[in-house]
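Structural features, examined
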Amino acid sequence: MSNDFGSINSENVDSPCIGICSTLFDDVCKGCGRTILEVSNWVAMTPSEKKQVWERITEEGTAMRFNTTDPT
């Protein structure tokens, strides 16, 4: 899985969402690793802010999106 979030100058930095959301029950989404505020404000964030989120969640590496274990 690629962690490429594009150029900081890009108009549309890809969302780290993988469609497994837990923000109704958790302060940090178990699927993507973003906080509730980061999820809810994603569309209004600047590319630089989005890049900072990507860098943090990639460094933490605890979200399901970074799980490299093959379940089969």
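Structure's up top.
Just so it is clear, the structure is predicted and the values come from calculations on it, not from any experiment.

Looking only at helices and strands, one finds two helices and zero strands in the protein chain. By residue count, 26% of the 72 residues in the protein chain fall in the buried class. A fraction of 49% describes how many contacts in the protein chain between residues 6 or more apart in sequence connect residues 24 or more apart. With the model as given, the accessible surface of the protein chain reaches about 5000 Å², and the carbon-plus-sulfur share is 53%.

Here the focus is the side chain of S22. Among the structural elements, S22 can be located in the segment before α1 (36-41). Taking the relative accessible area as the measure of exposure, S22 reaches 11% and is therefore buried. Those residues within four positions of S22 in sequence are excluded, and the remaining contacts are V28, C29 and K30.

A few words now on the side chain of R34. Mapped onto the elements, R34 comes out in the segment before α1. Among all residues touching R34, those that are not within four sequence positions of it are S15, P16, C17, D27, V28, C29, V39, W42, V53, R56 and I57.

A word on the pattern of salt bridges. Under the defined criterion, the tally for this structure stands at four salt bridges. The residue R56 makes a salt bridge to E38 at a minimum N-O spacing of 2.4 Å. Residue R56 is located in helix α2 (residues 47-60), and its partner E38 is located in helix α1; the two are separated by 18 residues in the primary sequence. A relative accessible area of 25% means that R56 is categorised as partly exposed.

A separate point is the environment of S48. Among the structural elements, S48 can be located in helix α2. On the accessibility criterion, S48 (32% relative accessible area) is partly exposed.

What counts as what
- Residues numbered from 1 in each chain as written.
- Predicted model: local features only at pLDDT ≥ 70, side-chain atom pairs only at ≥ 80, totals over all residues.
- Heavy atoms only, no water.
- Helix = DSSP H or I, 4+ residues; strand = E, 2+ residues; numbered from the N terminus.
- Buried < 20%, exposed > 50% of the residue type's maximum accessible area, 1.4 Å probe, protein only.
- Contact = heavy atoms within 4.5 Å.
- Areas by Shrake-Rupley, 256 points an atom, 1.4 Å probe, with all protein chains shown as cover.
- Salt bridge = Lys/Arg side-chain N within 4 Å of Asp/Glu carboxyl O.

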